[in-house]
Amino acid sequence: MQKDKELIPHLFRTEYSKITAVLARLFGFEHIEIAEDIVSDAFMIAAETWGQKGLPDNPVAWLYTVSKNKAKDYLRRNQLFSEKIVSAIQNNTTGAYEIEIDLSGKNINDSQLQMMFAICHPVITVEAQVGLSLRILCGFGIEEIADAFLTNKETINKRLFRAKEKLRAAQVKIELPGEAGISNRLAAVLTTLYLLFNEGYYSLSQNISLRKDLCLEAMRLTYLLAENKLTKRPEVHALLALMCFHSSRFEARIGKGGESILYEEQDTSLWDKELILRGQHYLNLASTGNSISKYHLEAAIAYWHTIKTDSHEKWDNILQLYNQLLIIEYSPAAALNRTYAYAKTYGKPAAIIEAEKLNLAPNYLYHCLLGYLYTGVDNTTALNNFETALKQAKASADKTKIKEYIKQLS
């Protein structure tokens, strides 16, 4: 029964955006709310019907069928029918016309790829592009998007509403732009996919540390870019390599209780060798061209983390890559990770000096890092930092892990 309850949220995450993209492509962006409402209704019907009658043999096919039927009913009943369908009927010499809604894998892929670039149109800000993509294309909830932007739901709702209005006013089409348009919008598309992956990999918005389905969805969408001749560019391959390397350590990164396992404590036998090789393949593809993106640097860092040998060469390479990354784009997470690499290269006392320059409080990960660095150097200070981290942590699994460190030092 519990699995049945978990299935609908999982399918909403994986299928909602696919069906919405196909219907929005059919209706046009100006009617995207209609597409969203139709798909939402299909999921509501699923929740009611499956709760009473049990799961169908093929839940995904069931959702697709209900969504198609509801879309056809809407087109028959409303003015949108005449706008989108009448011309096709008039040109049909047989005198009969069946509304066709194609939910094949290829059309879903094409629709989602086109939707990515429609949403990432320069008429709206990059921040709005990312937020709207997370909502429509990736199925993020408003609260999750608010977490990603470190703001509140009201702000996100207003931002998404304004973004849709601007796209409608500009009469944006759901289609792939020309080569110049792809170049202009690709950065926002990649940012969206990067945020989607990170929401799954480092999630704080719910009471778990890793949400594998989000990461896999981000990888699937990035594959769409990597497989299309117009979008398979070095930065796309670099992002995909990064995702493969990170995903290769999925099983080792999370403990039985859902807690995060520190890198040096991971069981390396759980690392996925196939994903590591795939990551190397895409990293090699990313080496073409004349520019280096943050995805190139992060992918290279992730590659070195798949090297099991704990050598000075490994950590010095990681440290130098973080130095370059922070020049291109500063982030607190990169600064924290650089300090860890600094400790592995030059020792904990030297790294403590680097860490305290960051002054990233309040941030439970910052205090966890300080706790780690002070352990064995000044255990009292280490204990104080872990206790501060415990107060700031949100996920119960992370709190459990921090309590273990506190117990070891007490």
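Residues numbered from 1 in each chain as written. Predicted model: local features only at pLDDT ≥ 70, side-chain atom pairs only at ≥ 80, totals over all residues. Heavy atoms only, no water.

Participant: What am I meant to see in the overall build of the chain here?
Facilitator: A count of helical and extended segments in the chain gives 21 helices and zero strands. For the chain, the C-alpha radius of gyration of 24 Å lies close to 22 Å, the compact-globule estimate for 410 residues. Burial statistics for the chain: of 410 residues in total, 50% are counted as buried. Here the contacts in the chain between residues at least 6 apart in sequence split such that 64% fall between residues at least 24 apart. (Helix = DSSP H or I, 4+ residues; strand = E, 2+ residues; numbered from the N terminus. Rg over C-alpha atoms; globule rule 2.2 N^0.38 Å. Buried < 20%, exposed > 50% of the residue type's maximum accessible area, 1.4 Å probe, protein only. Contact = heavy atoms within 4.5 Å.)

Participant: How should I be thinking about the domain arrangement of the chain in this particular structure?
Facilitator: Size of an interface: often given as the accessible area lost when the parts come together. Domain boundaries in the chain define domain 1 (2-250 + 269-320) and domain 2 (328-410). Its C-alpha centre places domain 1 at a distance of 34 Å from the equivalent point of domain 2. Contacts between the two partners involve twelve residues from domain 1 and, on the opposite side, 15 residues from domain 2. When domain 1 packs against domain 2, the two sides together hide about 1200 Å² of surface, and 62% of this comes from carbon and sulfur. A salt bridge links E329 to K294; its shortest N-O distance comes to 3.0 Å. (Domains from an automatic or database assignment. Buried area = accessible area lost by both parts, 1.4 Å probe. Salt bridge = Lys/Arg side-chain N within 4 Å of Asp/Glu carboxyl O.)

Participant: Honestly, the pattern of salt bridges in this entry has me stumped. Any pointers?
Facilitator: Pairing is possible between side chains of opposite charge, provided their charged atoms come close. For the coordinates displayed, the defined rule picks out 18 salt bridges. With a closest N to O distance of 3.1 Å, E274 and R278 form a salt bridge. Here E274 pairs with R278, and both are found in helix α14 (residues 273-285), just four residues apart, close to one helical turn. Judged by relative accessible area, R278 falls into the partly exposed class, the value being 31%. Connected through shared salt-bridge partners, E33, E36, K164, E165 and R168 make up one network.

Participant: Mind showing me how you'd approach the environment of A395 here?
Facilitator: Within the fold, A395 resides in the loop between α20 (379-392) and α21 (396-409). Classification of A395 by relative accessible area gives buried; the value is 2%. Separated by 135 residues in sequence, A395 and S260 place their C-alpha atoms 9.9 Å apart.

Participant: Help me understand the packing of helix α6 (residues 105-119) against helix α11 (residues 212-227) in this model?
Facilitator: For any two helices packed against each other, one specifies the inter-axial angle together with the distance between the axes. Two elements in contact, α6 and α11, have axes separated by 10 Å at closest approach and are oriented at 90°. Overall, the two elements α6 and α11 adopt an arrangement that is roughly perpendicular. Across the interface between the two elements, N109, Q112, L113, M116 and F117 of α6 pack against R220, L221, L224 and L225 of α11. (Axes fitted to C-alpha atoms, helices over the stretch in contact; angles between N-to-C directions. Parallel < 35°, antiparallel > 145°, perpendicular 65-115°, else oblique.)

Participant: Teacher, can you tell me more about the packing of aromatic side chains here?
Facilitator: Think of a pair of aromatic rings as described by two things: how far the centres are apart, and how the planes are tilted against each other in angle. Within this structure, the stated rule accounts for 13 aromatic pairs. Ring geometry for Y303 against W304: centres 5.7 Å apart, planes inclined by 65°, an arrangement best described as edge-to-face. Judged by relative accessible area, which is 25%, Y303 ranks as partly exposed. Relative accessible area serves as the criterion here: at 19%, W304 is assigned to the buried category. By the ring-pair criterion, three or more aromatic residues cluster together here, those being Y263, W271, W315, Y340 and Y372. The residue whose ring lies beneath K348 is Y372, and the NZ or CZ to ring-centre distance is 4.4 Å. (Phe/Tyr/Trp six-rings, centres within 6.5 Å; stacked < 30°, edge-to-face > 60°. Lys NZ or Arg CZ within 6 Å of the ring centre and 35° of its normal.)

Participant: I'm lost on the nonpolar core in this one. Help?
Facilitator: Within the largest apolar cluster, 129 residues are counted, with the highest numbers of intra-cluster contacts made by L23, F29, M115, M116, L132 and L225. In terms of residue count, the dominant contributor to this core is helix α10 (residues 179-201) (ten residues). Residue-level mapping places this core at the junction of two domains, with at least three residues from each of domain 1 (2-250 + 269-320) and domain 2 (328-410). The residues contacting M116, other than those within four sequence positions of it, are L137, V189, L221, L224 and L225. (Core = buried A, V, L, I, M, F, W, Y, C linked by side-chain atoms within 4.5 Å.)

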